[in-house]
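Survey of secondary and tertiary structure
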Amino acid sequence: MSTTTKSALHKAGLFYFVWVMFSYCTGGPFGLEDMITTSGPGMTLIFLLVIPFFWCIPVSLVSAELTTAMPVEGGFYRWVRAGFGDFWGFLAGWWNWCASFLLGSVYAVQFADYMGFYFPELTGWRHYIVSLAIVAVITYINIRGIQMVGKFATVLELFILLPVLVLVVIGLAKWHHNPFVPVIPPHQPTFHVFGVGLALGLWLYSGYEQCSTVAEEVDNPRRSYPLALALVVPMSIAAYFLPTLASLAALGNWQSWHTGFFPTAAQLIGGRWLGAWMSLAAMITYVALLNSTILTSTRMPFAMAEDGYLPHSLTGQHPRYGTPWIAIIVSAVVYGLLSLHSLVQLISIYNWLRVATTVMTVLAAWQLRRKKPDMPRPFVIPGGRAGLIYCVAAVLIMSAVALLGSDRYGLLWGPAALAVGPVVYFALGTTLQR
């Protein structure tokens, strides 16, 4: 960004940035319920505690090192480009931007789905109008800048976490069952128990490198980003583990868990008032997730356009707020178009795009250590070379397990989605740079 544009930006301080990161990476406990019946209550609780050490913790350490070394708009896209060159940098950015289309539209659809619980007449075109409306509102907030996004995210997350905290307190007070029994469901294929559960766990704990794309919009990113990660990772683990533990301990009905079960659990544990509060919190969670997704993903096309790999018009910045408003609106239009249909199957495609981006990010840390050993790094992954090997190896192993555990739809269309990237690079990128 130019100096004039930077001065126009209202930057986010550490407090608001923590809530932006938390709302993107977690939002709330909603979405993990299927792990209970698929992998078993015991294995789910183990996954929620163990997966972070092989996924979000190493990714966070890599992101902290590279953000302090290169706190630039576009974040991991520019890290990969610096480490591996234009082609791989473009792919990291393109795959991430495409993944955000699937993710943002799913959040808009799920928000409208929850609204349908309160207003059953919201079907067909009415359902679509609600999806479009929430995309439009969140787009406007994002055009206002990261400070506005951060304040909005803080209010939303405090509202979401209050009923979760009440559920945990009441649930633990009514502890009558061993929440770890059974560890795995009886008569389930082993790989189904581990593969599907791990894939969902990686989904829950993904995105910790994503907020690097707005590094230039954060006060003192070299200090704020590592601190935010140090706070958000344990917050996320607690937000998933504690309400799951408390609900299973109070109810013991692991066979009944399904998507959207937390509001039901809250009603069974605390009464109708808590169930209604939790339902509203689940609906608001998708607003928070959409809010942070638009913020973090729209800086990617802006940075790629600055580098000449996407149309230059995407570098347009708002004269008052200094935000990449053209890239924000273009992305929002795609979210709105895709919100016409439910995209549950496309989540499996998103996993392929997300995993590919994360793998490129951790490999960039390895490559930049080798290629630019003298680059100033205010934060360095602890443990020297062994610490770096842990971060890279853990992510590679978990990525392989997650992709092998994909359903048939993901195995068919996930690689196809990845293959589009090189085609676009040579067809569009080369043309724009002439």
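What counts, and at which threshold
- Sequence order as written defines residue numbering, which begins from 1 separately in each chain.
- Given that the model is predicted, a residue must reach a pLDDT of at least 70 before its local features are reported, and side-chain atom pairs must reach 80 or more before they are shown or counted; all residues, however, enter totals for whole chains, interfaces and linings.
- With hydrogens and water excluded, all non-hydrogen atoms of the structure serve as input to the side-chain values.
- Secondary structure elements follow DSSP: runs of H or I of four or more residues count as helices, runs of E of two or more count as strands, with numbering from the N terminus.
- With C-alpha atoms as the basis for the radius of gyration, the globule rule is written as 2.2 Å multiplied by the number of residues raised to the power 0.38.
- To sort residues, take the accessible area from a 1.4 Å probe on protein chains only and compare it with the maximum for the residue type: under 20% means buried, over 50% means exposed, and anything in between is partly exposed.
- In what follows, residue pairs with any heavy atoms lying within 4.5 Å of each other are defined as contacts.
- Areas reported here follow the Shrake-Rupley algorithm with a probe of radius 1.4 Å; residue values treat only the protein chains shown as occluding.
- Neither His nor the chain termini are counted; the positive set is Lys and Arg, and the negative set is Asp and Glu.
- Here the site of a charge means atom NZ of a Lys, CZ of an Arg, CG of an Asp or CD of a Glu.
- A pairing counts as a salt bridge when a side-chain nitrogen of Lys or Arg comes within 4 Å of a carboxyl oxygen of Asp or Glu.
- Aromatic pairs are defined between Phe, Tyr and Trp rings, using the six-membered ring for Trp, whenever the two ring centres lie within 6.5 Å; interplanar angles under 30 degrees are classed as stacked, those over 60 as edge-to-face, and all others as tilted.
- Confidence of the predictor at the level of single residues is given by pLDDT, which spans 0 to 100.
- Axis lines are fitted through C-alpha atoms, for helices just across the contact stretch, and the angle between N-to-C directions can take any value from 0 to 180 degrees.
- Working rule for angles: under 35 degrees goes down as roughly parallel, over 145 as roughly antiparallel, 65 to 115 as roughly perpendicular, anything else as oblique.
- Charged means Asp, Glu, Lys or Arg here, nonpolar means Ala, Val, Leu, Ile, Met, Phe, Trp, Tyr, Cys or Pro, and polar covers whatever is left, Gly included.
- Nonpolar core, defined: a set of buried Ala, Val, Leu, Ile, Met, Phe, Trp, Tyr and Cys residues in which side-chain atoms within 4.5 Å join the residues together.
- For patch detection, residues must exceed 30% relative accessible area and be free of salt bridges, and they are connected within 9 Å for like charges or within 5 Å for nonpolar side chains (Val, Leu, Ile, Met, Phe, Trp, Tyr).
- Each residue after the first adds 1.5 Å to the expected span of a helix.
- Note on terminology: pairs of cysteine sulfur atoms within 2.5 Å are recorded as disulfides.
- Axes are fitted to the seven residues ending at a residue and to the seven starting at it; the angle between these axes is taken as the bend at that residue.
- N or O atoms closer than or at 3.5 Å make up a polar contact, with two conditions inside protein: a donor-capable atom paired with an acceptor-capable one, and, for residues adjacent in sequence, both atoms drawn from side chains.

In terms of helices and strands, the protein chain carries 18 helices and zero strands. For the protein chain, whose C-alpha radius of gyration is 21 Å, the value lies close to the compact-globule estimate of 22 Å for 434 residues. Summarising its shape, the C-alpha atoms of the protein chain cover approximately 65 × 50 × 40 Å along the three principal directions. Scored against the burial criterion, the 434 residues of the protein chain give a buried share of 59%. At a minimum sequence separation of 6, the contacts of the protein chain that also span at least 24 residues come to 85%. In the structure as shown, the protein chain presents an accessible area of about 16800 Å², 69% of it carried by carbon and sulfur atoms. Of the charged side chains in the protein chain, 22 are positive and 16 negative, and the gap between their average positions amounts to 5 Å.

A complete count under the given rule lists nine salt bridges for this structure. With a closest N to O distance of 3.2 Å, Arg 81 and Asp 307 form a salt bridge. Separated by 226 residues along the polypeptide, Arg 81 in helix 6 (residues 76-84) and Asp 307 in the loop between helix 14 (299-306) and helix 15 (325-338) bring together distant segments of the chain. Note that Arg 354 is salt-bridged to Glu 209, the shortest N-O span being 2.6 Å. One end of the pair, Arg 354, is in helix 16 (residues 346-371); the other, Glu 209, is in the loop between helix 10 (190-204) and helix 11 (221-251), with 145 residues separating them in the sequence. Among the ionic contacts, a cluster of salt bridges with common partners joins Arg 78, Arg 81, Asp 86, Glu 306 and Asp 307.

Okay, the packing of aromatic side chains next. The description of an aromatic ring pair rests on the distance of the ring centres and on the angle between the ring planes. As enumerated under the stated definition, the model contains 21 aromatic pairs in all. Judged by centre distance (5.4 Å) and plane angle (65 degrees), the ring pair of Phe 15 and Tyr 16 falls under edge-to-face. A relative accessible area of 53% means that Phe 15 is categorised as exposed. Residue classification places Tyr 16 among the partly exposed residues on the basis of a relative accessible area of 27%. Plain terms: the ring middles of Tyr 205 and Tyr 240 are 5.3 Å apart, the flat faces sit at 90 degrees to each other, and that makes the pair edge-to-face. Linking Tyr 205 in the loop between helix 10 and helix 11 with Tyr 240 in helix 11, this pair joins segments that are 35 residues apart in sequence. Each member of the pair Tyr 205 and Tyr 240 is classed as buried. Every member of this aromatic cluster is reached through a ring pair, and the members are Phe 87, Trp 88, Phe 90, Trp 94, Trp 97, Phe 101, Tyr 309, Tyr 335, Tyr 425 and Phe 426.

Its place among the elements puts Asn 142 in helix 8 (residues 125-143). Beyond its immediate stretch of four places on either side in the chain, Asn 142 contacts Val 149, Asn 291, Ile 294, Leu 295, Thr 323 and Ile 328.

Of all residues in the protein chain, 93% attain a pLDDT of 70 or more, and the chain-wide mean is 88. Within the model, the stretch residues 2-8 combines pLDDT values under 50 with seven contacts to residues more than four positions away or in other chains.

Our next topic: the packing of helix 2 (residues 14-25) against helix 13 (residues 272-297). Two elements in contact, helix 2 and helix 13, have axes whose closest approach is 8 Å; the angle formed by their N-to-C orientations is 110 degrees. Here helix 2 lies roughly perpendicular to helix 13, going by the angle between them. Across the interface between the two elements, Val 20, Ser 23 and Tyr 24 of helix 2 pack against Ala 288, Leu 289, Ser 292, Thr 293, Leu 295 and Thr 296 of helix 13. Its residues placed into classes, the contact of helix 2 with helix 13 shows five nonpolar, four polar and no charged.

Here we take up the nonpolar core. With 141 residues, the main nonpolar core has Met 21, Trp 94, Tyr 205 and Tyr 208 as its most contacted residues. Broken down by element, the residue count for this core peaks at 17 residues, all from helix 7 (residues 86-118). Sequence-distant contacts of Tyr 208, defined by excluding residues within four places in its chain, comprise Cys 25, Thr 26, Cys 56, Val 59, Ser 60, Ser 63, Tyr 225, Leu 229, Val 232, Val 233 and Ser 236.

So, about a nonpolar patch on the surface. Among the surface-exposed residues, Ile 46, Leu 49, Val 50, Phe 53, Phe 54, Phe 180, Val 181, Val 183, Ile 184 and Tyr 390 lie close enough to one another that they form a single nonpolar patch of about 800 Å² accessible area. By residue number, the principal contributor to the nonpolar patch is helix 4 (residues 41-54), which donates five residues. Along the chain, Tyr 390 turns up in helix 17 (residues 384-404).

In this model helix 13 runs 38 Å from its N-terminal to its C-terminal C-alpha over 26 residues, within 8% of the 38 Å that 1.5 Å per residue would give. In terms of burial, helix 13 is a largely internal element, 21 of the 26 residues being buried.

Turning to the state of the cysteines, a few remarks are in order. Each disulfide is one covalent bond, formed between the sulfur atoms of two cysteines. The tally for this structure, following the rule as stated, stands at zero disulfides. Cys 211 takes part in no disulfide bond, and the closest cysteine sulfur to it belongs to Cys 25, at a distance of 5.4 Å. Under the relative-accessibility criterion, Cys 211 is labelled buried at 0%.

What follows concerns helix 4. Compared with an ideal rise of 1.5 Å per residue, which puts 14 residues at 20 Å, helix 4 spans 20 Å between its outermost C-alpha atoms and is within 8% of the ideal. Leu 48 marks the point of greatest bend in helix 4, at about 35 degrees, and the proline Pro 52 comes within the next four residues. Those residues of helix 4 not exposed but buried are Pro 41, Gly 42, Met 43, Thr 44, Leu 45, Phe 47, Leu 48, Ile 51 and Pro 52.

One can find Ser 131 in helix 8. Apart from residues lying up to four places away in sequence, Ser 131 is in contact with Ala 108, Val 109, Ala 112 and Ser 339.

Our focus in this paragraph is the environment of Glu 217. Here Glu 217 lies in the loop between helix 10 and helix 11. Assessed through its relative accessible area of 1%, Glu 217 is described here as buried. Counting along the chain gives 145 residues from Glu 217 to Val 72, while the straight-line C-alpha distance between them is 9.1 Å. Among the polar contacts listed, one links the side chain of Glu 217 to the side chain of Arg 299, at a separation of 2.8 Å.

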